[in-house]
Amino acid sequence: MHLVKLVHSGVYIQQKLALQSFCKLKPNASRFFCSQNSNLKMTEPMAAPPTSAPESKKRQLPSNGKKPKRKIYKSAAVDPISSQGVLRKNIKDVFPDAPCNDMTEFYNRDRSIEWHLNGKVENLEIKSLSHNGLGIGFDDTRNRVILVPYTFPGDVVNANVCRTEEYYLMAELISVVTPASIRDNSLAFCKYFGEKEGAGCAGCQYQYTAYSNQLEIKRQVIVNAYKYFAPELEIPTIQETVASPLEKKYRTKLTPHFDVPKKGLASPDFPIGFGHVIKNQIVDIEECSLGTDVINTGIKQKREEIKNNYKQYKRGVTLLFREGSNESLITDPKAIMQETVGKYVFEYKAGEFFQNNNSILPIVTNFVAENLKINGEPPQYLVDTYCGCGLFAITCSSNAKEVVGVEISAQNVEFARSNAEKNNVSNAEFIVGQAERIFERVNKEPELTSVVIDPPRKGCDKLFLDQLLQFGPARIVYVSCNVHSQARDIDYFIKESNGKYKVESLRGFDFFPQTYHVESVAVLSRTS
């Protein structure tokens with residue numbers, strides 16, 4: 001056997017451990033080196049190894065003596081309009097030269113010691129706010145961007161870094177050293193909100209500031225969305241965000257959940273609630289300050305029932321609580337919901353999508369109906385794409401000659417037809433089909449037609465936008481729960497129209513006070 005000289009300290013340590021393990025397996029190997037308790041000796045003279053790292057910092061090998069396989073981190077492609085994609089743009093806005101984290105190093109770190117980027121950061125100044133309500137700061141010591149929940153631009157805070165992502169570090173708020181001008185902690189009304197012990201619910205972001213400030217923050221989210229995804233598009237000034245009539249107790253739907261470990265629940269003492277703002281855990285919530293009284297009563301009753309029968313649960317559960325007309329409570333996703341919007345009544349399955357702030361819905365539907373008008377008059381023809389159970393088609397149907405709604409779900413189309421009948425709307429037709437192919441079925445006069453677009457978060461497909469452009473309606477109202485996909489779609493549509501369309505107005509509607517969410521409504525009209 002020939003033994004090589006060891007020079008690098010890390011290699012020396014690993015080789016020594018390997019040779020010691022070899023001694024146990026091959027007793028005759030003692031002619032090359034002595035027992036495990038003595039220093040390594042070799043038949044040839046060998047240079048002394050460099051001073052090794054302290055024992056606490058050595059990376060220990062597995063019991064089989066093999067070196068762990070090194071993980072190579074490959075940065076995954078991120079959709080620009082996804083939450084992470086937009087967050088990266090938020091960061092680059094403020095710190096364009098901020099370095100990324102070495103995720104290969106992170107995933108191969110010695111887990112027996114604290115990751116070197118973790119720990120307390122003091123006097124961190126918050127420079128900006130992300131689209132999803134996180135304060136953005138930069139720590140010169142770490143040379144890294146740090147995001148801190150429950151903070152605002154102008155805050156100077158102490159925080160504790162506890163999570164590493166590719167483009168930033170996440171930190172828990174410890175204390176506010178110098179408050180921002182818009183901060184007022186006395187406004188918070190939920191015991192689960194904020195940095196205090198037992199709190200940390202991710203449901204709300206803005207309880208520490210006045211509602212008027214929240215509305216302006218959301219207006220700025222829309223401004224940034226068009227700056228990021230439609231930078232060359234000529235758009236009007238973003239109007240003020242329309243306030244919700246209710247700032248709390250407005251949610252008519254909540255979905256708390258709980259997890260069950262592989263070994264099952266050992267006791268009834270486990271959390272039922274919502275995710276933590278940073279940690280991978282559930283915050284135990286007995287009631288939600290944004291939920292209606294009917295829903296919170298249902299949550300309390302269900303929690304008690306689950307705790308009394310906890311042994312029967314073998315896997316995690318997401319619960320459903322939905323309030324319908326006449327203060328009815330629905331917990332079965334397959335049950336039929338009935339909800340009143342202004343003078344209209346809608347039915348749908350409780351597990352399906354329907355807006356869950358009823359207080360602002362009539363304001364939105366009235367706004368959409370008003371902006372569908374052509375030269376001040378209701379359109380002769382109205383097309384509602386992605387129509388669901390018929391919300392806009394029915395509430396905007398007055399005085400239209402014909403209404404066509406299209407929806408991919410046959411079940412929702414049946415509800416839409418039934419809802420039209422219940423509301424005595426006789427001029428509406430609902431068809432099953434892809435919105436991307438709707439104009440194959442719509443043969444109306446485009447100059448007398450208005451179109452409502454209310455797509456899912458991903459926005460519209462190119463095929464749909466191309467067909468919409470080819471059809472050429474007089475007016476378009478685009479309602480979106482993701483203003484970033486809306487900005488991307490409208491930028492494409494306007495450019496492809498070669499000046500035939502313009503953005504007439506843009507504004508947000510606040511369906512979710514205290515949170516970062518904002519619904520954006522864009523009105524487009526033909527220029528000729």
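Residues numbered from 1 in each chain as written. Predicted model: local features only at pLDDT ≥ 70, side-chain atom pairs only at ≥ 80, totals over all residues. Heavy atoms only, no water.

Draft legend 1. Spatial organisation of the overall build of the protein. On a plain count of helices and strands, the protein comes out with 10 helices and 21 strands. Here the protein holds 528 residues, and 49% of them are scored as buried. Counted over contacts in the protein with a minimum sequence separation of 6, partners at least 24 positions apart contribute 66%. When the accessible surface of the protein is totalled, it reaches about 26,600 Å², and 48% of it is carbon and sulfur. (Helix = DSSP H or I, 4+ residues; strand = E, 2+ residues; numbered from the N terminus. Buried < 20%, exposed > 50% of the residue type's maximum accessible area, 1.4 Å probe, protein only. Contact = heavy atoms within 4.5 Å. Areas by Shrake-Rupley, 256 points an atom, 1.4 Å probe, with all protein chains shown as cover.)

Draft legend 2. Spatial organisation of the pairing of strand β21 (residues 519-526). In terms of burial, β21 is a largely internal element, seven of the eight residues being buried. As paired elements, strand β20 (residues 501-509) and β21 share eight bridges and run antiparallel to each other. Residue pairing in the sheet places tyrosine 501 in a bridge with arginine 526 of β21. (Pairing = 2+ DSSP bridges.)

Draft legend 3. Quick peek at the sheet that holds strand β6 (residues 253-254). As summarised here, the arrangement of the three strands in space is β6-β11-β12, forming an open sheet in which the pairing is antiparallel. Each edge of the sheet is formed by a strand with only one pairing partner; in this case those strands are β6 and β12 (329-330). Two strands pair when backbone bridges link them, and β6 and strand β11 (residues 321-323) are joined in this way by two bridges, in the antiparallel orientation. Bridge pairing links lysine 253 to arginine 322 in β11. Against the sheet, helix α5 (residues 293-308) engages β6, β11 and β12, with an angle of about 150° to β11. (Axes fitted to C-alpha atoms, helices over the stretch in contact; angles between N-to-C directions.)

Draft legend 4. Unusual backbone geometry, seen in detail. Located in the positive-phi region is asparagine 375, a residue other than glycine, with phi close to 55°. Relative to the assigned elements, asparagine 375 resides in the loop between α6 (361-371) and β15 (381-385). One non-glycine residue, asparagine 399, lies in positive phi territory at about 70°. Summarising the element assignment, asparagine 399 is placed in the loop between α7 (391-395) and β16 (402-407).

Draft legend 5. Geometry of the packing of helix α4 (residues 211-229) against helix α10 (residues 483-496). Contact geometry for α4 and α10: axes closest at 8 Å, N-to-C directions at 45°. Looking at the two axes, α4 sits oblique to α10. In this structure, α4 crosses over α10, and the sense of that crossing is right-handed. Across the interface between the two elements, Val221, Ile222, Ala225, Tyr226 and Phe229 of α4 pack against Val483, His484, Gln486, Ala487, Arg488, Ile490 and Asp491 of α10. (Parallel < 35°, antiparallel > 145°, perpendicular 65-115°, else oblique. Left-handed = near helix turned anticlockwise from the far one by under 90°.)

Draft legend 6. Spotlight on the sheet that holds strand β3 (residues 144-149). Strand order in the closed barrel formed by five strands is β1-β2-β3-β5-β4, with mixed pairing between adjacent strands. Each strand axis lies, on average, 50° off the axis of its neighbour in the sheet, ignoring direction. Alignment of strand β1 (residues 119-129) against strand β4 (residues 156-164), held across five bridges, turns out to be antiparallel. Across the sheet, the residue bridging to lysine 120 is asparagine 160, located in β4.

Draft legend 7. Region of interest: the environment of phenylalanine 415. Considering the arrangement of structural elements, one finds phenylalanine 415 in helix α8 (residues 410-422). In this structure the C-alpha to C-alpha distance between phenylalanine 415 and phenylalanine 430, which are 15 residues apart in sequence, comes to 9.7 Å. Contacts of phenylalanine 415, omitting those with residues within four sequence positions, involve Ile336, Glu347, Tyr348, Lys349 and Cys389.

Draft legend 8. Quick peek at the pattern of salt bridges. Counting across every chain of the model gives 21 salt bridges. Here arginine 303 and aspartate 284 are joined by a salt bridge, their closest N and O atoms 3.0 Å apart. A residue pair is termed long-range when its members are at least 10 positions apart, and arginine 303 in helix α5 and aspartate 284 in strand β9 (residues 282-284) qualify at 19 residues. By relative accessible area, which is 10% here, arginine 303 ends up buried. (Salt bridge = Lys/Arg side-chain N within 4 Å of Asp/Glu carboxyl O.)

Draft legend 9. A look at the side chain of glutamate 323. Position of glutamate 323 among the secondary structure elements: in strand β11. In this structure, glutamate 323 is buried with no salt-bridge partner, the nearest side chain bearing the opposite charge being arginine 322 at 10 Å. Reaching out from glutamate 323, the side chain makes a polar contact with the side chain of threonine 292 at a distance of 2.5 Å. Each residue touching glutamate 323, except ones within four places of it in the same chain, is listed here: Thr252, Thr292, Val294, Ile295, Ser328, Met337 and Glu339. (Lys, Arg positive; Asp, Glu negative; His and termini not counted. Polar contact = N/O pair within 3.5 Å; in protein donor to acceptor, adjacent residues only side chain to side chain.)

Draft legend 10. Inspection of the packing of helix α2 (residues 83-94) against α4 at higher detail. In contact at an axis separation of 11 Å, α2 and α4 are set at 90° when each is read in the N-to-C sense. In this view, α2 runs roughly perpendicular relative to α4, as classed from their interaxial angle. Packed against α2, whose contacting residues are Val86, Lys89, Asn90 and Asp93, the element α4 presents Lys227, Tyr228 and Phe229 at the interface. Of the residues in the contact of α2 with α4, the class split is three nonpolar, one polar and three charged. (Nonpolar A, V, L, I, M, F, W, Y, C, P; charged D, E, K, R; others polar.)

Draft legend 11. Broad picture of the environment of threonine 318. With respect to the helices and strands, the residue threonine 318 is situated in strand β10 (residues 317-318). Judged by its relative accessible area of 58%, threonine 318 is exposed. C-alpha of threonine 318 to C-alpha of isoleucine 272: the two residues are 46 residues apart in sequence and 9.4 Å apart in space. The contact partners of threonine 318, leaving out residues within four places of it in the chain, are Thr255, Pro256 and His257.

Draft legend 12. Structural context of the confidence of the model for the protein. Overall, the prediction assigns the protein a mean pLDDT of 88, with 86% of residues at 70 or greater. Low pLDDT (under 50) marks residues 1-58, which in the prediction has 48 contacts with non-local residues, meaning those over four places away or in another chain. (pLDDT = per-residue confidence, 0-100.)

Draft legend 13. Up close: the packing of aromatic side chains. Enumeration according to the criterion identifies 16 aromatic pairs in this entry. Taking the centre distance of 4.8 Å and the plane angle of 70° together, the rings of tyrosine 150 and phenylalanine 193 count as edge-to-face. Of this pair, tyrosine 150 sits in the loop between β3 and β4 while phenylalanine 193 is found in the loop between β5 (169-178) and α4, placing the two residues 43 residues apart along the sequence. Note on accessibility: tyrosine 150 and phenylalanine 193 belong to one class, buried. Across from the ring centre of phenylalanine 106, 4.0 Å away, lies the NZ or CZ of arginine 109, which sits over that ring. (Phe/Tyr/Trp six-rings, centres within 6.5 Å; stacked < 30°, edge-to-face > 60°. Lys NZ or Arg CZ within 6 Å of the ring centre and 35° of its normal.)

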